[in-house]
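# Structure at a glance
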Amino acid sequence: DASNVARKLYVRNDTLRFTRPNGNESPLQYIGNDEFVMFNTESKLKVKILFEGNIVKAMLVGAGDPSNYYKPYKPVNVTTKYLSEFTGQFYSPELKTIYTFTVINDTLRGYHPKYGDFKIGVLKQDLFQSQKPLGTITFIRDESTKIIGIRTAYDRVKNFWLEKLDHNNTNKKL
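Presented here is a report on the structure given in the accompanying data block. (Residues numbered from 1 in each chain as written. Predicted model: local features only at pLDDT ≥ 70, side-chain atom pairs only at ≥ 80, totals over all residues. Heavy atoms only, no water.)

### Topic: the overall build of the protein chain
In plain terms, the rule: By the criteria applied, helices consist of DSSP H or I runs no shorter than four residues and strands consist of E runs no shorter than two, each listed in order from the N terminus. With a 1.4 Å probe rolled over the protein chains alone, any residue whose accessible area is under 20% of its type maximum counts as buried; one over 50% counts as exposed, and the rest are partly exposed. Between two residues, a contact is recorded if the distance between any of their heavy atoms is within 4.5 Å. For the area figures, the Shrake-Rupley method with a 1.4 Å probe applies, and any residue is considered shielded solely by the protein chains shown.
The helix and strand inventory of the protein chain stands at one helix and 15 strands. By residue count, 31% of the 174 residues in the protein chain fall in the buried class. Considering only contacts in the protein chain between residues 6 or more positions apart, those separated by 24 or more positions represent 24%. If you sum the accessible surface of the protein chain, you get close to 11,300 Å²; carbon and sulfur atoms cover 49% of it.

Laid out in structure tokens, this is it:
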């Protein structure tokens, strides 16, 4: 969706279910016209599946607000090898500071001297989420698929750029 939030639909015990990243789950009941309702929510939210032919194009949750539209995506198989692709140092020319990303115990972690250590979770291919200080992290690749930097969005800061430092060229003046 517009806020880079994932929702999952799946079937368990003959019931379609709607799941949020925090594990909160709602069974869905079909009410017709590709629409379902979450009867276990106070507001009885509706979920509409939008098709193009036999292919799911999007899911609308609640009203027609654009932030309520979710597009399908293929989940990433998260392994230590996959996460190691995102390690390194990322430099902000604007703030003249460096964030370091490492893999510790099969988890991508960030570090900054001011904010300390923080966990970075995978949302989907090249898209991650952390709490303070970076929020949503989008890894940017060049034509050869090499990661060249990240763009972050947290609170009122949108599209904040950090370039990946090359191990051979870490002579940035801080």
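### Quick notes on the pairing of strand S3 (residues 25-32)
Which entries qualify depends on this criterion: A pair of strands is labelled paired if DSSP reports no fewer than 2 bridges between them.
Note that strand S2 (residues 15-19) and S3 share three bridges and pair antiparallel. By the bridge assignment, Thr 19 is partnered in S3 with Glu 25. Bridge count between S3 and strand S4 (residues 35-38): four bridges; the pairing is antiparallel. Paired with Gln 29 across the two strands is Val 37, which belongs to S4.

### What to know about the environment of Leu 123
Its location among the elements puts Leu 123 in strand S11 (residues 116-124). Residue classification places Leu 123 among the partly exposed positions, given a relative accessible area of 21%. In the structure, Leu 123 is positioned 15 residues away from Thr 138 in sequence and 9.9 Å away in space, judged by C-alpha atoms.

### Quick look at the sheet that holds strand S15 (residues 157-164)
Note the cut-off: Axes here mean lines fitted to C-alpha atoms, for a helix over just the part in contact, with angles spanning 0 to 180 degrees between N-to-C directions.
With antiparallel pairing, the eight strands of this closed barrel are ordered in space as S8-S9-S10-S11-S12-S13-S14-S15. The sheet shows a mean angle of 35° between the axes of neighbouring strands, direction not considered. Where strand S10 (residues 107-112) lies against S11, five bridges are found, and the strand directions are antiparallel. From the neighbouring strand, Arg 109 faces S11, where its bridge partner is Lys 119.

### Side note on the side chain of His 112
Using the following cut-off: In the analysis that follows, any N or O atom pair within 3.5 Å is treated as a polar contact, provided that within protein one partner can donate a hydrogen and the other can accept it, and provided that, for residues neighboring in sequence, both atoms belong to side chains.
Position of His 112 relative to the elements: it lies in strand S10. A polar contact of 3.0 Å, which involves the side chain of His 112, links it to the backbone nitrogen of Lys 114.

### Considering the pairing of strand S12 (residues 127-130)
Judged from the four bridges that link them, S11 and S12 form a sheet pairing that is antiparallel. The residue bridging Ile 120 from the neighbouring strand is Ser 130, located in S12. Taking the residues that link successive antiparallel strands as the turn, the S11-S12 hairpin has two residues, and the phi of Asp 126 there is positive, at about 65°. In this structure, the hairpin formed by S12 and strand S13 (residues 136-141) is closed by a connection of five residues, where Gly 135 is found at a positive phi of approximately 70°.

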